[in-house]
Structures are given as C-alpha cells and as structure tokens.
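Listed below, chain by chain, are the residues.
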Amino acid sequence: MTNSTEAETVSSLPTGTRMWPLKRYIEMHRHSLDDPKGFWAEEARKLDWYKTWDKVLDWKPPYAKWFVGGKLNASFQCIDRHVRTWRKSKVAIYWEGETGETRVCSYSTLFRAVNRIASVLKKLGVGKGDKVVLYLPMILELPYLMLACARIGAVHTVIFSGFSAQAIADRVNDIQAKVIVTADGGYRRGKIIALKEITDEALKRCPSVEKVVVVKRTGEAIPWTEGRDVWLSSMLEDAESFVTPEPVESNHPLYILYTSGTTGKPKGVVHSTGGYLVFNHSTYQWVFNIRDESVFWCTADVGWVTGHSSIVYAPLSHGAAIVLYEGAPDYPTVDRWWDIIEKYGVTIFYTSPTAIRMFMRAGKEWLEKHDLSSLELLGSVGEPINPEAWQWFYKHIGQDRCPIVDTWWQTETGGIMIAPAPGIEAIPLKPGSATLPLPGVDAAVVDASGKELPPNQTGLLIIRKPWPGMLLDIYESPQRYQESYWSHFPGLYYSGDFAMRDEDGYFWLLGRADEVLKIAGHRIGTAEIEDAVIAHPSVAEAAVASKPDEIKGEALVLFITLIEGESPSSTLKKEIIQHLRHAIGPIATPDEIYFVESLPKTRSGKIIRRVLKAVATGQSLGDLTTLEDTASVEEVKRAYERLKNASGKAKKLLEAKRA
Ligand code: PRX
C-alpha cells in the first residue's frame, strides 16, 4: 500500500477529491466517460463479430442497446476462437468432484462436448430464442449446456441447485420453459441432493415443460416419466460433432437469471449477448490481469451471476484455464480448498467474504499444511468485506504477497463495476474498499434527492451512464424494470446499495438500502421469505429482519403472529424452518424466530421495518426525526416497546419449554 502525494482529479470525481498519482487509470477512465461510444467500440473490436454493429449505442432511457445490428455468437467467442489457435490443446476447465474424481477439459474437448450437446438440444426441438432451464450441480455439463444453448441462440436460465421445488416452479412458469435439464443428483457435504426428485415435484406445477433431460451424476435410482424424461447420455449416442454457431444480433438475450428484489416474486434479469460479452471480456482483463499462464478459480456457484460471468463467459472468452469444484468448501476436511489451490497451481483465487470469515474461524493451521505459492492475485465479491477479513485474506491466504481485488457488482450489472484494476495500473488498496469505478462506469454517491454528496458522506450508489453489461430488461416486466432501477432518480441507475466515497474518490460499499438481504452472500428478498412463511397453515402474519452475523454477514430473524388457536412451541418453530427450507431452500433458514402478538405497523398497514431491525439487533430505535414511514414517532415507539416485550416474552416462553 502506498500513500498519495500528488493531487489529481478525474472528470467523474466530486470536487475536492484527492487522487492518487494514477496516470493510466485516470486517462482511460476520463476517455471512457468523455467518449463512451468510441471507447466501447474499441473494446468491442477485441471480440470476433460476424457483422460489425451499425450503431454503438442506442440509449432511449431507461433502455440501452449496445452494438446495434452487430452479429456474434457467445459459444464461438468462448470456444471456436481458441480451437483455431494453439489453445486447442490448452486446459479450459480443471474439474474436481466432491467425491475426489477429476476431469481435465481442454478447449478441444470443450468444443466437441458443446457441439454434441447443441445437436441434442436441436433434436429436442430447441431453437433460437427458446428458453432452456438448467437445474444442475457444479459439473462440467453445466457450462457445456450454457454454451450449447448460446451456440444455437437459445436462452438459458440457470437455477441454483440449492433452490427448492417451489423456487424452480416459479422460474419455469415465468418463462414458460419447454425444456429443463437436471441431473439424477448432486453431491453436497457427502450427501446426495435428489435433484431429479425435486425437479419432478416442481414440474407438477409447470404445464409448459415437455422434456426433461437428465445428466447422470450419482447413479442413484430416480423416478422416471416415460415419454417426457430422456437421459443426456443416450441422446448423445447419435449426436452430431459440429453445429454451426447461430449468429445473433448483439441484443439477442444470452440468458435470463432470476434474482431477488423487494417483492415476493424474483426478477428475471435479461442479459444481452454483445454488450454483456464485451463488458465482461474487458473488465475481466482489467481486474484480473489474465494471462495464458493463469489458473483462475472463482468459487461461486454457476447458478449465480458471478458463476455466469466469472466462471463461464469472461474467462472462457479469454481462453483462460479455470477450476470448477463441485462440492462444499470444508469437505471432507477444512483444507479442501487449499488442497485444490495447491493441486492445480491456482494463480487467481476469487471468493466471498463469508467463505473467508469461515476459514478465519477454522484457523490458519489448515492453510499451513499447503503450498499456496502459486497464488498471485486474490478477489472478493458478493458482500462487503470487513477490514479484519480483508487483512486475514491478505496475510494468510495471500501470504502478504498478493493484491486483493474487492469487486462490486450485481446480477443486473452483468459484470464488475467498481474494483481495483491491476490489468490497467496498480491501484493502491485500502482494506474494505472496492476502490474506483472501472473505465466506462460513471458511479456516484447521492442523497435522497439525487444530489451528489461530498466525500465521506453516506448515501446511495447510482450509475449515471449506461454501460454495455447493463441488463436489457426484467423478463416481461418493463414496469418493474423501470420502477426498480429508474424511478428513484430519473435517468440514473439505482443500485439499491448504500455507499460512501472518501477523499481519494474510493468507494466503500455499505450494504443494501432496500428490503433485500445478503445471507452468506446470497441475495434474498424479505418479501419472498414472508410470502413463503405465510403459506404455513399456522401462520397469520410474518415479517423478516436481519441481524449482523460474524460469518454470514447477515442472519435472518423472523417475526411471526399465529392464527387463532395456535400457540408457540419449539415443534412449530422447527416445522416453520423445514417449511421455509422446502419452499425456498437452505439459504432461507432463519437463525431466530420470534412469535409475537402483533407486528409493528403504520395506520395504513405498512410494516415498520426499522422497529423490527432494532428489536432483531437489540439496538435502540435511534433518531426518529427522519421517519421514512407514514407512522408517527409515538406510534413507532409504542410498536417497538410492544414488540420488544412480546419477543422477550416469547423467547422466555420457548426457553422455559425447552428446559
Ligand atoms: O449489495 C451489493 C452486494 O451484492 C449485491 C448484488 O448481489 P447479486 O446480484 O447477488 O450479485 C452478487 C455478485 C456480483 C450488491 O447490490 N455486493 C456485491 N459485491 C460487493 C457487494 N457489497 C460490497 N462489496 C462488494 N464487493
């Protein structure tokens, strides 16, 4: 870390901001904002296009279309480009199963696998624009299938394999998918997750699905529906070895990925092909400084945006070698990850603060058993990283040698927005800050009226100009798209995050400003959980709050009122937890449930969330002069006292019962 001596400014910095002596970054950032079209056109030329675009950007707020009229294919970018060169025999993916088996997939193996699967999809009647749902564990077939969809112009929707039947049904029904691909099962911490059974349960509610393609992973017996279900392996027996990539227009959707918002219904974030790939190709290079010798490991699940961009599309578009690990970080022992880093000579290691905090607790002894000298660069994503975790990551995993890139982005942004960019210039780091916006990203911190704040004041993070990775829309919900991102401050993209910019222009990301939680880095909406809890027959009303958690960042706290005749019990508590795990998945497991007599509400019936938060975290209500609710100060205070007493009483009751 260095200290700044010179003062410089960049066009997007608030006045008064000091700037480190960063020549190259400043120049590039300034140019990218002064001439975004010229800048991005130059970047786009790094990809292979069948036809060059007619127009770099068509910006009709709030819709941006990039590289309009240009034609390309994502599978061609990630595979064919490389198999034409020496990289055909280069490793594309080192795959490691939880049970210990390994598969090494070269770019030519990837080419063959993706082509053959693409021909299977075609035989099943899947064509350009059709939607294919992928509900798979972290096996090689998952990236194969994503790229096979892209090859024929089909649109994939990956559903995280930790989600339950209801979550699958909601997503499948939203896009009316005809084909879903799953596996007989997947391994997680030594147990088998019965993915096919979960899929079957979901499909009872999904009339649109005509075909279920099943990948063999565990070999366990599974339920089978004749005429609907097919094994991928049998379809591959007479697959073709080459399928011509379908050239698609730049704004043809590459995928739809669901993410949580402030209502109960997840949002289908639609990403383009051209803009998305250009943005990811460039930002990946800037942030990770990828080279042919690099071995890149992003530990996220492919089911999240990090997996889409940082496991599949960005690294493979560079012809990079990546690691894909199927299982749990601590299985069979806590040093499983360190073993993988040593085994494959990982050079870039990209993970989450929750994982780092978990390893911190387990102790550095687990690291000392392994040679981690291959590591050159570390990355963090998905949630704010606290300075202690940052320091531990730097010292014990990076052995005081490897810079850390803390990367801020979202499902909606498609790729990394704010992060150090060692691929451009060595940006001095500050533990806990994601540092500076990448070229082409015009980020700012504003107050509630949309006015930019001076340094060191907390406000809301917004993006002022469209960028190529920006979502195209929310699937079939243009109104929701406009309301979620563009209604807070007209013309400015609203991220939903609190942030602060310091006197050096560095961004400090401070968590969500809306009703979205980050539990162990997983994004989940309070409304989604509340809707699921209310579906339990004993529950009358439910409200969710969160409290800080040492490992997971945030933990779920549930406030529940019961219907007449029901009374709190530990059995009921367990039942509700099971119910939630079943309805959403294990990520929605609450840490605490309070049974209360009533929920704090305004006169108009709106839940007063700050009261819940105060009770959940055991803090006082704080300053009530800027109430965002329509409740009166007195009303809020009364609700707080009522709830605090009620939750205390319920807690005591439960404890007494347990004793
Ligand atoms: O709150 C921010 C947090 O994760 C949110 C986006 O979640 P998701 O769409 O699931 O994508 C996560 C991975 C790209 C953001 O609104 N977040 C993401 N990265 C960071 C972060 N918070 C602080 N620091 C980060 N580096």
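**Focus: the pattern of salt bridges**
According to the stated counting rule, one finds 39 salt bridges in the structure shown. Residue Arg189 pairs with Asp330 through a salt bridge whose shortest N-O separation is 2.7 Å. One end of the pair, Arg189, is in the loop between β9 (186-188) and β10 (191-193); the other, Asp330, is in the loop between β17 (321-325) and α11 (336-344), and 141 residues separate them in sequence. Looking at Asp330, the relative accessible area reads 24%, which means it is partly exposed. Put simply, Asp442 and Lys465 hold a salt bridge, and the shortest N to O gap is 3.5 Å. Of this pair, Asp442 sits in the loop between β20 (404-407) and β21 (443-446) while Lys465 is found in the loop between β22 (458-463) and β23 (473-474), placing the two residues 23 residues apart along the sequence. For Asp442, a relative accessible area of 5% corresponds to the buried category. Among the charged side chains, a salt-bridge network with shared partners connects Lys196, Asp200, Arg228 and Asp229.

**So, the site of the ligand**
Among the 17 residues in the neighbourhood of the ligand, the closest are listed as Asp406, Thr407, Thr411, Arg512 and Arg523. Contact between the ligand and Gly382: a nitrogen atom at 3.1 Å from a main-chain N or O atom of the residue. Thr411 places a side-chain nitrogen or oxygen 2.5 Å from an oxygen atom of the ligand. In isolation the ligand exposes 540 Å². Once the protein is present, 97% of that is buried. Listing elements by their share of the shell around the ligand, those giving two or more residues are α10 (305-317), β20 and β25 (507-512).

**Overview of helix α17 (residues 570-583)**
With 14 residues, α17 extends 20 Å from end C-alpha to end C-alpha; this agrees with the ideal 20 Å at 1.5 Å per step. Residues of α17 that are buried: Leu572, Lys573, Ile576, Leu580 and Ala583. Around the axis of α17, the buried residues are gathered within 105° of arc, so they sit on the same side. What points out from α17, more than 90 degrees from its buried face, is the exposed set Thr571 and Lys574. Directly after α17, the chain includes Gly585, whose backbone phi takes a positive value near 145°.

**Overview of the packing of aromatic side chains**
To describe a pair of aromatic rings, you give the distance between the ring centres and the angle between the ring planes. Under the definition given, this model contains 41 aromatic pairs. Geometrically, the ring pair formed by Trp40 and Trp286 is tilted, given 6.0 Å between the ring centres and 45° between the ring planes. Remark: Trp286 occurs in helix α9 (residues 274-288) and Trp40 occurs in helix α2 (residues 36-44); sequence separation between them is 246 residues. Judged by relative accessible area, which is 0%, Trp40 ranks as buried. Residue Trp286 is classed as buried on the basis of its relative accessible area, which comes to 4%. Ring centres of Trp297 and Trp337 lie 5.4 Å apart, and the angle between their planes is 65°; this geometry places the pair in the edge-to-face category. Of this pair, Trp297 sits in strand β16 (residues 295-298) while Trp337 sits in helix α11, and the two are 40 residues apart along the sequence. Here Trp297 and Trp337 have matching classes, each one buried. The rings of Trp59, Tyr63, Trp467, Tyr481, Tyr485, Trp486 and Tyr493 are connected pair by pair, giving a single aromatic cluster. One Lys or Arg, Arg171, reaches over the ring of Phe163 and ends 4.5 Å from the middle of that ring.

**Concerning the packing of helix α3 (residues 74-83) against α10**
At a minimum axis distance of 8 Å, the contact between α3 and α10 shows a crossing angle of 50°. Classified by the interaxial angle, the pair formed by α3 and α10 is oblique. The handedness of the crossing between α3 and α10 is left-handed. For the pair formed by α3 and α10, the contact residues are Ala74, Gln77, Cys78, Arg81 and His82 on the first element and Tyr313, Leu316 and Ser317 on the second.

**Examining the sheet that holds β25**
Spatial strand order, β21-β22-β24-β25: 4 strands in an open sheet with antiparallel pairing. In the strand order of this sheet, the two ends are held by β21 and β25, each with one partner. For this sheet the average axis-to-axis angle between neighbouring strands, irrespective of direction, equals 45°. In terms of strand pairing, β22 meets strand β24 (residues 493-501) through 5 bridges, oriented antiparallel. Bridged to Gly459 within β24 is Ala499.

**Brief notes about the sheet that holds strand β29 (residues 553-562)**
Read from one edge to the other, the open sheet built from 3 strands follows the order β28-β29-β30, with strand pairing classed as mixed. Both edges of this open sheet fall to β28 (539-549) and β30 (592-595), since each of them pairs with a single strand only. In this sheet, adjacent strand axes meet at a mean angle of 25° when their direction is disregarded. In this structure, β29 lies alongside β30, joined through 4 bridges in parallel fashion.

**Details of the environment of Glu98**
Relative to the assigned elements, Glu98 resides in the loop between β4 (91-96) and β5 (102-106). Since its relative accessible area comes to 3%, Glu98 is described here as buried. Sequence separation of Glu98 and Glu326 is 228 residues, and the distance between their C-alpha atoms is 5.4 Å. If sequence neighbours within four positions are ignored, Glu98 has contacts with Tyr187, Arg188, Arg189, Gly190, Arg217, Tyr325, Glu326, Gly327, Ala328, Tyr331 and Arg336. Side-chain polar atoms of Glu98 contact the backbone nitrogen of Gly190, separated by 2.7 Å.

**A look at the confidence of the model for the chain**
Caution applies to low-pLDDT regions: their predicted coordinates should not be interpreted in detail. Taken over all residues, the pLDDT of the chain has a mean of 92, while the share at 70 or more is 91%. Scored below 50 in pLDDT, residues 626-630 shows 12 contacts in the model against residues more than four places distant or in partner chains.

**Quick word on the domain arrangement of the chain**
Buried accessible area, meaning the area lost when the parts come together, often serves as the stated size of an interface. Domain boundaries in the chain define domain 1 (24-328 + 407-501) and domain 2 (515-658). For domain 1 versus domain 2, the separation of C-alpha centres amounts to 34 Å. At the interface, 20 residues of domain 1 touch 16 residues of domain 2. Buried surface at the junction of domain 1 and domain 2, summed over both partners, amounts to about 1,200 Å²; 47% is from carbon and sulfur atoms. Of all residues in domain 1, Ser260, Thr262 and Gly264 give up the largest surface area on contact with domain 2, accounting jointly for 36% of the area buried on that side. For the interface between domain 1 and domain 2, the tally reads 1 salt bridge. As a salt-bridge pair, Glu412 and Arg523 come within 2.7 Å of each other at their nearest N and O atoms. There are 8 residue pairs in polar contact (both at pLDDT 80 or more) connecting domain 1 and domain 2. With 3 residues, the single largest contributor to the side of domain 1 that touches domain 2 is helix α6 (residues 165-175).

Parameters and conventions
- Residues numbered from 1 in each chain as written.
- Predicted model: local features only at pLDDT ≥ 70, side-chain atom pairs only at ≥ 80, totals over all residues.
- Heavy atoms only, no water.
- Salt bridge = Lys/Arg side-chain N within 4 Å of Asp/Glu carboxyl O.
- Helix = DSSP H or I, 4+ residues; strand = E, 2+ residues; numbered from the N terminus.
- Buried < 20%, exposed > 50% of the residue type's maximum accessible area, 1.4 Å probe, protein only.
- Near = heavy atom within 4 Å.
- Polar contact = N/O pair within 3.5 Å; in protein donor to acceptor, adjacent residues only side chain to side chain.
- Areas by Shrake-Rupley, 256 points an atom, 1.4 Å probe, with all protein chains shown as cover.
- Expected span 1.5 Å × (residues − 1).
- Arc of directions from axis to C-beta.
- Phe/Tyr/Trp six-rings, centres within 6.5 Å; stacked < 30°, edge-to-face > 60°.
- Lys NZ or Arg CZ within 6 Å of the ring centre and 35° of its normal.
- Axes fitted to C-alpha atoms, helices over the stretch in contact; angles between N-to-C directions.
- Parallel < 35°, antiparallel > 145°, perpendicular 65-115°, else oblique.
- Left-handed = near helix turned anticlockwise from the far one by under 90°.
- Contact = heavy atoms within 4.5 Å.
- Pairing = 2+ DSSP bridges.
- pLDDT = per-residue confidence, 0-100.
- Domains from an automatic or database assignment.
- Buried area = accessible area lost by both parts, 1.4 Å probe.

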